[in-house]
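Below, each chain spelled out in residue letters.
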Amino acid sequence: MKLNLMGTEINNYTFEEGVNKGIELMNSNKVSQVITINPEMFKEMEHNQEFKQIIEEAEMVIPDGIGIKIALKLKGQDCTRIAGIDFARRLLEECAKNSDSVAIIGSKEEVITKAVENLKNEISGLNIVYFHNGYFNDNNEIYKDLAEKNAKLILVALGSPKQEFFIYNAKKILQNCLMVGIGGSLDVWSGQVKRAPKIWQKLGLEWLYRTLSQPERLKRIFPTLPLFLIKVITYKKDK
């Protein structure tokens, strides 16, 4: 089932359904893209038509930010929020069970190195065949490396919209894999950033916890989130 928010379609899965769909896409005969959508992406779509097209063409769009869940609720639609970091982590665990190879791209060298080390220690049998920091100038070199490694799951942490463009262009070059934009997940997996306690996550207040622990994030949330919700309320479909 798909929900519609201001003309953008969003998949409505339970967490398990979302994971199963991800596994299905990972085992399909094409390159598939998962968008973990949040209010900031809607703001980007307002002035970036190419970005909007990428989201429209993605094989899977899941409601990552709590702002998306609130917005859908305001329009009389209910959804299960699927946090991108949890979704990606579960896919890593599934890859380990099935001996599927993984590649990870993004963040600073010390962050991704530590994240990869921690993930291998925490997930038995995890086969990370390639990883690279997010500081590179030639995408084609990375695409070439990825093609040679032939990973089934590729996680990309370059920040939005850069990671979405990187994945979209990779779809024309790579074969048979699932690519997921994971934003700041490597910071958490490396231990550099502490994730909110479970109770905060369940209450949908992870964004508040992160803002309290990282005050610099405040300018990302305000006025973006309030303005986004106002636009949702006042949105009228073009005739």
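Calculation rules
Residues numbered from 1 in each chain as written. Predicted model: local features only at pLDDT ≥ 70, side-chain atom pairs only at ≥ 80, totals over all residues. Heavy atoms only, no water. Core = buried A, V, L, I, M, F, W, Y, C linked by side-chain atoms within 4.5 Å. Buried < 20%, exposed > 50% of the residue type's maximum accessible area, 1.4 Å probe, protein only. Helix = DSSP H or I, 4+ residues; strand = E, 2+ residues; numbered from the N terminus. Contact = heavy atoms within 4.5 Å. Phe/Tyr/Trp six-rings, centres within 6.5 Å; stacked < 30°, edge-to-face > 60°. Lys NZ or Arg CZ within 6 Å of the ring centre and 35° of its normal. Disulfide = S-S within 2.5 Å. Pairing = 2+ DSSP bridges. Right-handed = clockwise from strand over helix to strand, strands pointing away.

Caption draft 1: Examining the nonpolar core more closely. Of all hydrophobic cores here, the largest spans 35 residues; its most connected members are L153 and W189. Residue assignment for this core shows that the elements contributing at least two residues are α1 (15–26), β4 (60–63), α5 (84–98), β5 (101–106), α6 (109–122), β7 (153–157), β8 (177–181) and α9 (185–189). The biggest single contributor to this core is α5, with seven residues. Among residues more than four places away in sequence, those in contact with W189 are I85, A88, R89, L92, A115, N118, L119, L155 and I182.

Caption draft 2: Structural detail: the packing of aromatic side chains. Taken as a whole, this structure holds five aromatic pairs when the rule is applied. Seen from their ring centres, W200 and Y209 are 5.3 Å apart, and the 70° between their planes marks the pair as edge-to-face. K162 extends its terminal NZ or CZ atom over the ring of F136, reaching a point 5.8 Å from the ring centre.

Caption draft 3: Unusual backbone geometry, seen in detail. Residues S160 and P161 are joined by a peptide bond in cis, for which omega reads 10°. Topologically, P161 is positioned in the loop between β7 and α8 (162–170). Phi angles above zero are rare outside glycine, and S107 is one such case at about 65°. Mapped onto the fold, S107 is located in the loop between β5 and α6. Despite not being glycine, N176 has its phi angle at roughly 50°, a positive value. You can call N176 partly exposed: its relative accessible area is 33%.

Caption draft 4: Inspection of the state of the cysteines at higher detail. Counting across every chain of the model gives zero disulfides. C95 carries a free sulfur, and the closest cysteine sulfur to it, the one in C177, is 11 Å from it. In this structure C95 comes out as buried when scored by relative accessible area, which is 0%. Its relative accessible area of 1% is what places C177 among the buried residues.

Caption draft 5: Here's a closer look at the pairing of β5. When you tally the buried positions in β5, you get six out of six residues, the bulk of the element. Every second residue of β5 is oriented toward a common face, with S101, A103 and I105 on one face and V102, I104 and G106 on the other, all of them buried. For β5 and strand β6 (residues 127–132), the ladder comprises five bridges, and the chain directions are parallel. Looking at the pairing, A103 lines up with Y130 of β6. One crossover worth recording links β5 to the parallel β6 by way of α6, and it is right-handed. Sheet analysis places β5 next to β7, joined by five bridges and oriented parallel.

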